[in-house]
Structures are given as C-alpha cells and as structure tokens.
Amino acid sequence: MENIGKKLPEQVADSIINYIHAHELQIGDRLPNEYELAKELAVGRSTIREAVRSLASRNVLEVKQGAGTFISKKKGIADDPLGFGLVKDTFKLTKDLFEIRYILEPRVAALAAANATEEEIQAIDHVRIAIEEAMDTDTERQLNLDVEFHSLIAKASNNVAMHHLIPVINESMFLYSDSYTNQRVKEETILLHREIVAAIKKHDSDAAFDAMTVHMAYNRMNLNHFEQAKTKQSHL
C-alpha cells in the first residue's frame, strides 16, 4: 500500500533502504554494484541509477567514483533540515540552540554513562584527546571534533532519536565559532570534557549529568559575555 502513487525509481529507493536494513549494513559499508542490485531487485540498471541518485541527494548513500556506492555518514540527515541557513539573526539562533542543548544534553550524558559500551567510551575519549591537540593549531578541526564528541555521547546514550537529533542541534557550535579563539573558553572546555568523560567511564549518570550541565552553562555564559563585548565595541 505504501508504494501506491510512487514512481518506479521511488519504489526502488525504498527497496534499497529495505535491503540495507535486511542486511544490517552500517555507515561506510559498500552496496552491491549496479548489476547485482538490479538483479536482486528485479529492475533495470537505469532505474537503479536513478534510485541511487535520489538516495544520494537525501544523504542516505554516497557515490564514490571508481569505488562504488556506500552508506553515507550523514545517516540521511539533510545538510540544513531545520532551515537554519534561512535565519537572518544568527546570534539569536545560536542562543536559542544553546537553550535546547542546555535542556537535552545533560540527560543525554546521563544516559551515555548508564549505557555506553567500553568501545564507545574509548571512542569518546579518543576524540576528547584529539580536541585538546587541535585547540591551539586548528580551530576548524576542533569544531568538527567537538561536534563528533557530543554526537558520540548521544550515540552512546542508546537513544536513537537523540543520536540523530544532537548533530543537528550542534550546528550551534559553528555559529558560535568566533568565541572559540578565547583561551579561557578553551581551558574550560578541556577541563569539562575531561569531567564528562571521567563520569561516563565510571558509569556515573549523576556525575555525567552534572558535568554536562556545567559545560552547557559555561557555554551559555561565555556566549553572553561575547555578546556584551561585541555590543560594547560597536558603541565605541
């Protein structure tokens, strides 16, 4: 019934997603080649190509010339699913996103402390170390790693919705990037990341909740200080 009204390439795109689920393919896994998929799904190769293009445009698949078709790291998340790019007042957007993070991320950290596997904890700690190494050398890399750090914690929470939602919310990190050059903010980030990871390692949900709450509070406070400094400078 769900395919009624859908064109054949759209139906085949759905079939490819079902194939991914049925074979438990993970991010980065390679799909069968065009010929094999066409045979598996009993459709023509041109239809497979059109369906793959559609899924690639939706960030479900990634086509690498000469290598094949792979499950995208973006997990089907659009580049700007909530339309942040259309918001003119980016500073207000940044503040509003921090409000959402302040509500959600402490609970996410608490769930991660309760549910994280040893492998997930090692991955989180590995990224924490990489962030510290990038602090004084590569701000853009630091920002990307910071998003990965919080995304890994969300994944470790074992809450599928949070796993997909947090990376979108953490767009705020890039909007807030001007203040990442502040040395005091860098030092606070290092210390609080260490506390968050230490709590998750101990599977101490309360400590993880508290550490993430402080982290979000410091971020919000620093953002307010940054806003006040810019306002003062504009009046000079």
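To be clear, the structure that these remarks concern was listed above.
What you see is a predicted model; the values in this text were computed from it and never measured.

*Asks:* When you look at the packing of aromatic side chains in this model, what are you seeing that I'm missing?
*Replies:* How two aromatic rings sit relative to each other is given by the distance of their centres and the angle of their planes. A complete count under the given rule lists 0 aromatic pairs for this structure. Above the face of the F70 ring, K64 is positioned so that its terminal group lies 4.8 Å from the ring centre. Above the ring of Y102, the side-chain terminus of R220 is found at 4.1 Å from the ring centroid.

*Asks:* Sorry, what's going on with the pattern of salt bridges here?
*Replies:* When the charged atoms of two side chains with opposite charge come close together, those side chains can pair. Using the criterion set out here, one finds 8 salt bridges in the structure. A salt bridge links R128 to D125, with the nearest nitrogen and oxygen atoms 2.6 Å apart. One end of the pair, R128, and the other, D125, are both in helix α5 (residues 118–134), 3 residues apart, so they sit about a helical turn from each other. Classification of R128 by relative accessible area gives buried; the value is 12%. Accessibility expressed as a relative area gives 12% for D125, which makes it buried. A network of salt bridges, in which partner residues are shared, links D125, R128, E132, R194 and K201.

*Asks:* What exactly am I supposed to notice about α5 here?
*Replies:* An α-helix turns once per 3.6 residues; consequently, residues spaced three or four apart project the same way. For α5, with 17 residues, the first-to-last C-alpha span of 24 Å sits near the 24 Å given by 1.5 Å per residue. Turning to α5, its buried residues are I121, I124, D125, V127, R128, A130, I131 and A134. Those residues of α5 hidden inside the fold are in contact with α6 (139–156) and α9 (183–201).

*Asks:* Honestly, the environment of R128 in this entry has me stumped. Any pointers?
*Replies:* In sequence terms R128 and I196 are 68 residues apart; their C-alpha atoms lie 9.9 Å from each other. For R128, the residues in contact, after removing those within four places along its chain, are F149, H193, R194 and V197. One polar contact links R128 to D125, side chain to side chain, over a distance of 2.6 Å.

*Asks:* Which parts of the structure should I look at to understand the packing of α5 against α6?
*Replies:* Packed helices, taken two at a time, are described by the angle their axes make and the gap between the axes. Two elements in contact, α5 and α6, have axes whose closest approach is 9 Å; the angle formed by their N-to-C orientations is 160°. With respect to their mutual orientation, α5 and α6 come out roughly antiparallel. Relative to α6, the crossing made by α5 is left-handed. Facing E120, A123, I124, V127, R128, A130, I131 and A134 of α5, the residues of α6 in contact are T139, R141, Q142, L145, D146, E148, F149, L152, I153, K155 and A156.

Criteria and cut-off values
Residues numbered from 1 in each chain as written. Predicted model: local features only at pLDDT ≥ 70, side-chain atom pairs only at ≥ 80, totals over all residues. Heavy atoms only, no water. Phe/Tyr/Trp six-rings, centres within 6.5 Å; stacked < 30°, edge-to-face > 60°. Lys NZ or Arg CZ within 6 Å of the ring centre and 35° of its normal. Salt bridge = Lys/Arg side-chain N within 4 Å of Asp/Glu carboxyl O. Helix = DSSP H or I, 4+ residues; strand = E, 2+ residues; numbered from the N terminus. Buried < 20%, exposed > 50% of the residue type's maximum accessible area, 1.4 Å probe, protein only. Expected span 1.5 Å × (residues − 1). Contact = heavy atoms within 4.5 Å. Polar contact = N/O pair within 3.5 Å; in protein donor to acceptor, adjacent residues only side chain to side chain. Axes fitted to C-alpha atoms, helices over the stretch in contact; angles between N-to-C directions. Parallel < 35°, antiparallel > 145°, perpendicular 65-115°, else oblique. Left-handed = near helix turned anticlockwise from the far one by under 90°.

These figures come from the coordinates and say nothing about function on their own.
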